[in-house]
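# Notes for the structure review
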2 protein chains.
Amino acid sequence: MPVSPIKMADAIRVLSMEAVHKAKSGHQGMPMGMADVATVLFGKFLKFDASKPDWADRDRFVLSAGHGSMLLYSLLHLTGYKAVTMKEIENFRQWGSLTPGHPEVHHTPGVETTTGPLGQGLATSVGMAMAEAHLAAVYGKDLVDHRTWVIAGDGCLMEGVSHEAISLAGRLKLSKLTVLFDDNNTTIDGVATIAETGDQVARFKAAGWAVKVVDGHDHGKIAAALRWATKQDRPTMIACKTLISKGAGPKEGDPHSHGYTLFDSEIVAARAAMGWDAAPFTVPDDIAKAWKSVGRRGARVRKGWEAAVAASDKGAEFTRAVVKGQLPADAFAKLEAHIASAVENKPVNATRVHSGSALDQLIPAIPEMIGGSADLTGSNNTLVKGMGAYDAPDYAGRYVHYGVREFGMAAAMNGMALHGGVIPYSGTFLAFADYSRAAIRLGALMQAKVIHVMTHDSIGLGEDGPTHQPVEQVASLRAIPNLLVFRPADAVEAAEAWQVALQQNTTPSVMCLSRQKTPHVRTSASENLVAKGAYELIAADGEAAVTIFATGTEVGLAVAAREILQSQGKPTRVVSVPCWELFDQQPAAYRKAVIGDAPVRVAVEAGIRQGWERFIGEDGKFVGMTGFGASAPFERLYKEFGITAEAVAQAAAE
Amino acid sequence: MPVSPIKMADAIRVLSMEAVHKAKSGHQGMPMGMADVATVLFGKFLKFDASKPDWADRDRFVLSAGHGSMLLYSLLHLTGYKAVTMKEIENFRQWGSLTPGHPEVHHTPGVETTTGPLGQGLATSVGMAMAEAHLAAVYGKDLVDHRTWVIAGDGCLMEGVSHEAISLAGRLKLSKLTVLFDDNNTTIDGVATIAETGDQVARFKAAGWAVKVVDGHDHGKIAAALRWATKQDRPTMIACKTLISKGAGPKEGDPHSHGYTLFDSEIVAARAAMGWDAAPFTVPDDIAKAWKSVGRRGARVRKGWEAAVAASDKGAEFTRAVVKGQLPADAFAKLEAHIASAVENKPVNATRVHSGSALDQLIPAIPEMIGGSADLTGSNNTLVKGMGAYDAPDYAGRYVHYGVREFGMAAAMNGMALHGGVIPYSGTFLAFADYSRAAIRLGALMQAKVIHVMTHDSIGLGEDGPTHQPVEQVASLRAIPNLLVFRPADAVEAAEAWQVALQQNTTPSVMCLSRQKTPHVRTSASENLVAKGAYELIAADGEAAVTIFATGTEVGLAVAAREILQSQGKPTRVVSVPCWELFDQQPAAYRKAVIGDAPVRVAVEAGIRQGWERFIGEDGKFVGMTGFGASAPFERLYKEFGITAEAVAQAAAE
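Residues numbered from 1 in each chain as written. Chains lettered and ligands numbered in written order. Predicted model: local features only at pLDDT ≥ 70, side-chain atom pairs only at ≥ 80, totals over all residues. Heavy atoms only, no water.

Chain A carries the name Transketolase in an unreviewed UniProt entry, which gives Caulobacter endophyticus as its organism. Database annotation for chain A, UniProt heading Subunit (unreviewed entry): "Homodimer." Taken from UniProt, the Sequence similarities (unreviewed entry) comment for chain A reads in full: "Belongs to the transketolase family." (UniProt positions renumbered as here; feature names shortened; annotations may be inferred.)

What follows is the structure, encoded as structure tokens:
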């Protein structure tokens, strides 16, 4: 007799409640409530092979409501992801376990993305579906044909980023994206209606989704709804009416069981209600076997796919770009020629324009790069001719019109990078890094290879005024671990920054780029000096009395200040500091040499001082901003805020 | 013959296009497109008196699409806001003018909130409407009875925060809030459908709003729609179908005229099309007169209101709290007693609990405080018994269930503060400061008196793992200008921090508070030492060999490290640093004394090092985090990441 799917779902419920009980923290409410939906999804629909977690053509399953992590860990264990042993389940939320409080990608096999910060799993999944659609267009359905499934809760759908995600997905008609909404009317503070009375069904429809409501505990109806979802011409949302903590006896349906650890007596009552008498952290053999066979269900399809890749004339390119994630052999040939020519020709322009010129070299050479902008294409210089708009129905275009959706854009980029096969970059104004910051951080935590182009990087933005002028954004981005923050000074540094960013495999990057023109400063292209983070741009004429450290548009100003100081008989060196984080990674001797031992050290950056002491010392001089900017032409602003070559020379002289 | 309202609208159009033309930057597309709607709104509906921009019972007008600032400046000039002279219009976007690129509150009379970062004007206006509803409940309709009107564009409605704003407003049935959607199907990158095909009408309906679509150039129909809006029992959205750059001759309706400066010839053509032959920056007398009379329309009502305030038995309290925004005379009496008792009783608890205890003292004493949480009430310790839920129909409650809407919550708090009469505070986890950061920043720029309670302020959060553990958030918040970032160490510092935060009138605050218990450290309550930002908590026994700087939960750890060092014969002082920004404001001599001259300086904070050099010097020792956290019980995390008393003592010894 085949094992009842209800029993299979109960296995999830019991593991979830007992792991939370043992850890004395965590959430069993959602895993128990969504166990039936997950059982049907994994049992009959999800394309996966537990023995090959990195199979490129697997379906992606995203638990956007990441606090329900035990749902996912239960599934990974039960379907036979080897690393996720019962021991790991028992060690839920403990140091060194594969079962942290929220799912973490690259930490636990089978976890596709790190979730927990609400709404972002959903927004990330939009990027996964976007990558799939693009790669299917490029490589064909034999190689790329999979779906993205998301479980999201009330909290995810309250977050603003959910709006950006669903309206973008609706606009792009991402028909292989399905959201399973855990519609249990419960949030931490109580029943969800305490804070939300919106009609989610109508809302998704308004955004261009196909929507269905289903009893989330009726396996037959769930299956019918999932089948329906696979046949729509647009993204799909299934509102699954569930009881939180379903199966937890007296706590079933109780809003307060959301992040609640059941008492011993409640565990006993729940087990009795489910008729579950196996010892804690054991699963009866027949149920375990049924689940293991689910985990192997995709093996045949996976082998067929491997054969298809081997047979395809695009197989080698697919393996390089999608399976291995390697750059083309000649990725940087044109870029390096461009750098050499820039050293020669000394182009004077805004660094955003220099970044655009670098992209002109890179886009034809690296076909997996996918660009875009949050409605600032012309300002961000992110579009290269011939990329084509990314859009339905064929998705072969490489430029995404993200709309005014900075957060959703950054999260979608994370999803693309995690999906693999594409290298996403996109643009907005640096001031609006604050809008996308939570996704920038999550990308850093997830080691996602994405590049954030952020232009108009200081008061140099000018007339738009303080709301649009970054003052603290460079500092605050530097604060995020595992993120490279570049602020290049000219065409050479801009191109070098792109090269370094593209060479990273586990670290995202931010390019801080100017609106306004800035002088050319680099005289040599013998090696990529941005890769060192900081370097002596110009030595002192004589024994150095002063060192000036600068980034971006202020490097030219530092060079001018040096002229003044040299003329005053003060030998001065200039150090360009395009990337703090890379400088930190250099050997101590190199760092010491670059910092130097000039008795006077000055830094200049059109932003706040925070952290510059590491270059200039506790009592070093800093020329920059101490508060918000103002609205005026940029030359006037630099003068009024005292960020000038004269001010730098003056600071050095004091 | 009365002046045609079309001509009055044309005055806005001409001033807008000519100011943009003169500045050579800015946006005339929206001002010209929405000139008719604005003329009807200001002409017939908006309750205001141009001679009294700060009249407490005026309607609030919010230009959420702040790039269309010339619409607002034209209106302020034409209706007779004295400061907004024609000279200011001519100096649009110039240094020192009252007409910056985007509207700035406290800079230009008549500007209610700083807008430009899209979506936030709308979200801020929700807070204004919330404050109005509450104050009307408290003081009655004689004293408080006004509406909030918002102009929002496609960009505003694409931003995620718009979702949080409209779903919150819908849930709270804020019937005196009306959004006028400039439905011109245009964004910077081209026609809006390039990135958005959502149905805004259906979307607002799904969120519980009443919605109407209207021809945005038909004054009669606009008036009918505005009248309809005033009669609904829920918030209202009017989709105004407009042509961008209406009246700009060849550019009328052209998406590329969004942020475009008209050529001289196009100005000539536009003037011809409008039949406008007045000299540049002049308005024909009859039209100017008609507008001036609009500006005086509210004077009679305003005088009646002044009489009502004078006659009301609540008039004195209303004047204190709402008109003057002063704290009650005895605001801190209970708090100070509580501080004295804490010094005596040395309570050991989490600082979030200490914050909750401080609120227990403050909430009864300061009736204008309005609290809330983004669905983490129990964790944030933000609810004090007896506050009552803020909700329809009577809005007298003082605790807002914001739902999982961190960004919308922070923006709504800004709106409440700008409205005046209430002091908003609310809670979330510190890690999610990243979600609300753009509103925290805007609040700082706007000098809004709001208090962000941010609990679970380090790896001390424990099992939830790295997504929920702030590592860089304290540093990145410290980077924002005009923001006080508090990280109190115990019950005394927590209460002192609340006192200082409430004493600010032009600076918002963030309270970084622990999940985990931490020792009591303060031995004296003779003065509010948090107000100094940093202070010597314990002197060295002997001439100081070591100074340890610490914040929050790590102060207890610094005290323990001192014990170790003293026992090793190394006299050690401990400096508590609850607020960097306040320390910066102290006299140099005080700062020098607190930093001291011990040869060894160590800082300990369970976050990143960035900026600590200002306390410990370039080569000082820092004990803290260098990357993301992990999921485990907090004691284990502190040990694994090496943030212990022993590690601090060790660092000092090296």
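Structure's up, so let's keep going.
### Re the overall build of chain A
A tally of helices and strands in chain A yields 27 helices and 20 strands. For chain A, with 654 residues in total, the buried portion stands at 69%. Relative to all contacts within chain A whose residues are 6 or more apart in sequence, the contacts with residues 24 or more apart total 77%. If you sum the accessible surface of chain A, you get close to 20,200 Å²; carbon and sulfur atoms cover 53% of it. (Helix = DSSP H or I, 4+ residues; strand = E, 2+ residues; numbered from the N terminus. Buried < 20%, exposed > 50% of the residue type's maximum accessible area, 1.4 Å probe, protein only. Contact = heavy atoms within 4.5 Å. Areas by Shrake-Rupley, 256 points an atom, 1.4 Å probe, with all protein chains shown as cover.)

### Overview of the relation of the copies chain B and chain A
Between chain B and chain A, which share one sequence, the superposing operator has a rotation angle of 180° and an axial displacement of 0.0 Å; the RMSD is 0.0 Å. Given the turn and translation reported, the copies of this chain are related as if by a two-fold rotation axis. In this assembly, 100% of the residues forming the interface of chain B have copies in chain A that are likewise at the interface, indicating an isologous arrangement. (Least-squares fit on C-alpha atoms with pLDDT ≥ 70 in both.)

### Here we look at the UniProt feature "domain: Transketolase-like pyrimidine-binding" (unreviewed entry) in chain A
Here the UniProt-annotated "domain: Transketolase-like pyrimidine-binding" (unreviewed entry) positions come out as residues 349-520 of chain A. What you have in residues 349-520 of chain A is 38% helix and 19% strand, and the ends, taken at the C-alpha atoms, are 8 Å apart.

### Overview of the interface of chain B and chain A
Accessible area lost upon the coming together of the parts serves often as the stated size of an interface. Listed as interface residues are 98 residues of chain B and, on the opposing side, 98 residues of chain A. Of the roughly 7,800 Å² buried where chain B meets chain A, counting both sides, 56% is carbon and sulfur surface. For chain B, the biggest contributors to the area lost against chain A are Trp95, Tyr435 and Arg441 of chain B; these three give 11% of the whole. Scanning the region where chain B abuts chain A turns up 10 salt bridges. With a shortest N-O distance of 3.5 Å, Arg405 of chain A and Glu196 of chain B are connected by a salt bridge. Our count for the contact surface shared by chain B and chain A stands at 49 residue pairs in polar contact (both at pLDDT 80 or more). For the side of chain B that touches chain A, a count of residues per class yields 39 nonpolar, 34 polar and 25 charged. (Buried area = accessible area lost by both parts, 1.4 Å probe. Salt bridge = Lys/Arg side-chain N within 4 Å of Asp/Glu carboxyl O. Polar contact = N/O pair within 3.5 Å; in protein donor to acceptor, adjacent residues only side chain to side chain. Nonpolar A, V, L, I, M, F, W, Y, C, P; charged D, E, K, R; others polar.)

### A few points about the sheet that holds strand β18 (residues 572-576) of chain A
Residues and elements named next belong to chain A. Read across the open sheet, the five strands follow the order β16-β18-β17-β19-β20; overall the sheet is mixed. A strand with exactly one partner marks an edge of an open sheet, and here the two such strands are β16 (535-538) and β20 (621-623). With strand direction ignored, the average angle separating the axes of adjacent strands in the sheet is 30°. The pairing of strand β17 (residues 546-550) with strand β19 (residues 600-604) spans five bridges and is classified as parallel. Looking at β19, one finds that Ile548 is bridged to Val602. Strands β16, β17, β18 and β19 of the sheet are contacted by helix α22 (residues 553-567), whose axis makes an angle of about 165° with β17. (Pairing = 2+ DSSP bridges. Axes fitted to C-alpha atoms, helices over the stretch in contact; angles between N-to-C directions.)

### Section: the packing of aromatic side chains
All names here are of chain A. Using the criterion set out here, one finds 44 aromatic pairs over all chains in the structure. With 5.4 Å between their ring centres and 50° between their planes, Tyr390 and Tyr395 make a pair best called tilted. Assigned by exposure class, Tyr390 and Tyr395 land together as buried. Taken together, the ring pairs in this structure connect Phe549, Trp580, Phe583, Tyr590, Trp612, Phe615 and Phe622 into an aromatic cluster. (Phe/Tyr/Trp six-rings, centres within 6.5 Å; stacked < 30°, edge-to-face > 60°.)

### Some remarks on helix α21 (residues 491-503) of chain B
All names here are of chain B. Given a rise of 1.5 Å per residue, 13 residues ought to cover 18 Å, and the 19 Å separating the end C-alpha atoms of α21 matches this to within 8%. Within α21, 12 of the 13 residues are buried, which leaves the element mostly enclosed by the surrounding structure. Residues of α21 that are buried include every one of Ala491, Val492, Glu493, Ala494, Ala495, Glu496, Ala497, Trp498, Gln499, Val500, Ala501 and Leu502, and no others. Capping of α21 at its N-terminal end is provided by Asp490; its side-chain oxygen lies 3.1 Å from the backbone amide nitrogen of Val492. (Expected span 1.5 Å × (residues − 1).)

### Looking at the pattern of salt bridges
All chains considered together, the criterion is met by 66 salt bridges over all chains. Residues Asp10 of chain B and Lys7 of chain B are paired through a salt bridge, measuring 3.8 Å at the closest nitrogen-oxygen approach. Of this pair, Asp10 of chain B and Lys7 of chain B both sit in helix α1 (residues 5-23), separated by three residues, roughly a single helical turn. Here Arg609 of chain B ties to Glu613 of chain B by a salt bridge, and the two come within 3.0 Å at their closest N and O atoms. One continuous salt-bridge network, built from bridges that share partners, spans Lys7, Asp10, Arg13 and Asp36 of chain A.

### Some words on the side chain of Gln473 of chain B
As for its position among the elements, Gln473 of chain B is in helix α20 (residues 473-478). Among the polar contacts listed, one links the side chain of Gln473 of chain B to the side chain of Asp434 of chain B, at a separation of 3.0 Å. When near neighbours in sequence (up to four residues on either side) are disregarded, Gln473 of chain B contacts Arg441 of chain A together with Leu430, Ala431 and Asp434 of chain B.

### A closer look at unusual backbone geometry
All names here are of chain A. For the peptide bond that leads from Ala392 to Pro393, omega is 0°, which places it in the cis range. With respect to the element layout, Pro393 can be found in the loop between α17 (377-380) and β10 (399-401). Unlike most non-glycine residues, Lys173 shows phi in positive territory, near 50°. Tracing the sequence through the fold places Lys173 in the loop between α8 (160-171) and β3 (177-183). For Lys173, a relative accessible area of 44% corresponds to the partly exposed category. Of note, Asn381 is a non-glycine position whose phi angle comes to about 55°, a positive value.

### A short note on the UniProt feature "binding site: substrate" (unreviewed entry) in chain A
Here, the residues flagged by UniProt with the feature "binding site: substrate" (unreviewed entry) are His27, His258, Arg352, Ser379, His456, Asp464, His468 and Arg515 of chain A. For this annotated set, covering 489 residues, the C-alpha atoms extend up to 48.3 Å from each other, a dispersed arrangement in space. Under the relative-accessibility criterion, His468 of chain A is labelled buried at 6%. Those residues within four positions of His468 of chain A in sequence are excluded, and the remaining contacts are Phe429, Ala431, Phe432, His456 and Leu461 of chain A together with His102, Gly116 and Pro117 of chain B. Along the chain, Arg515 of chain A falls in the loop between β14 (509-513) and β15 (517-518). With relative accessibility at 32%, the residue Arg515 of chain A sits in the partly exposed group. Once residues within four sequence positions are removed from consideration, Arg515 of chain A is found in contact with Ala350, Arg352, His456, Gly460, Leu461, Gly462 and Glu463 of chain A.

### Structural notes on the packing of helix α1 (residues 5-23) of chain A against helix α3 (residues 35-45) of chain A
Residues and elements named next belong to chain A. Axis separation between α1 and α3 bottoms out at 9 Å; the angle between their running directions is 120°. Overall, the two elements α1 and α3 adopt an arrangement that is oblique. You can see that α1 and α3 cross each other, and the crossing is right-handed. Taking contact as the criterion, the partners of Pro5, Ile6, Met8, Ala9, Ile12 and Arg13 in α1 are, on α3, Ala35, Asp36 and Thr39. Looking at the contact of α1 with α3 residue by residue, the classes come out as six nonpolar, one polar and two charged. (Parallel < 35°, antiparallel > 145°, perpendicular 65-115°, else oblique. Left-handed = near helix turned anticlockwise from the far one by under 90°.)

### Quick notes on the state of the cysteines
One pass over the full model with this rule turns up zero disulfides over all chains. You can see Cys579 of chain A has no disulfide; the closest cysteine sulfur is in Cys512 of chain A, sitting 9.7 Å from it. (Disulfide = S-S within 2.5 Å.)

### A look at the environment of Ala544 of chain B
With respect to the helices and strands, the residue Ala544 of chain B is situated in the loop between β16 (535-538) and β17 (546-550). By relative accessible area, which is 21% here, Ala544 of chain B ends up partly exposed.

### A word on the domain arrangement of chain A
All names here are of chain A. Here chain A is described as being made up of domain 1 (5-302), domain 2 (332-518) and domain 3 (531-652). For the pair domain 2 and domain 3, the two sides together bury roughly 2,400 Å², of which 59% comes from carbon and sulfur. Sorting the residues of domain 2 by area buried against domain 3 places Ile459, Arg478 and Arg487 first, and these three jointly supply 29% of that buried surface. Scanning the region where domain 2 abuts domain 3 turns up two salt bridges. Linking Arg478 and Glu605 is a salt bridge whose minimum nitrogen-to-oxygen distance equals 2.7 Å. Counting every contact that joins domain 2 to domain 3 gives 16 residue pairs in polar contact (both at pLDDT 80 or more). Those elements that place two or more of their residues in the side of domain 2 that touches domain 3 are α20 (473-478), β13 (484-486) and α21 (491-503). (Domains from an automatic or database assignment.)

### Here's the deal with the environment of Val211 of chain B
Residue and element names in this part refer to chain B. Tracing the sequence through the fold places Val211 in strand β6 (residues 210-215). Along the primary structure Val211 and Ala632 are separated by 421 residues, whereas in three dimensions their C-alpha atoms are 49 Å apart. Not counting chain neighbours up to four residues away, the residues in contact with Val211 comprise Val201, Phe204, Lys205, Trp228 and Met237.

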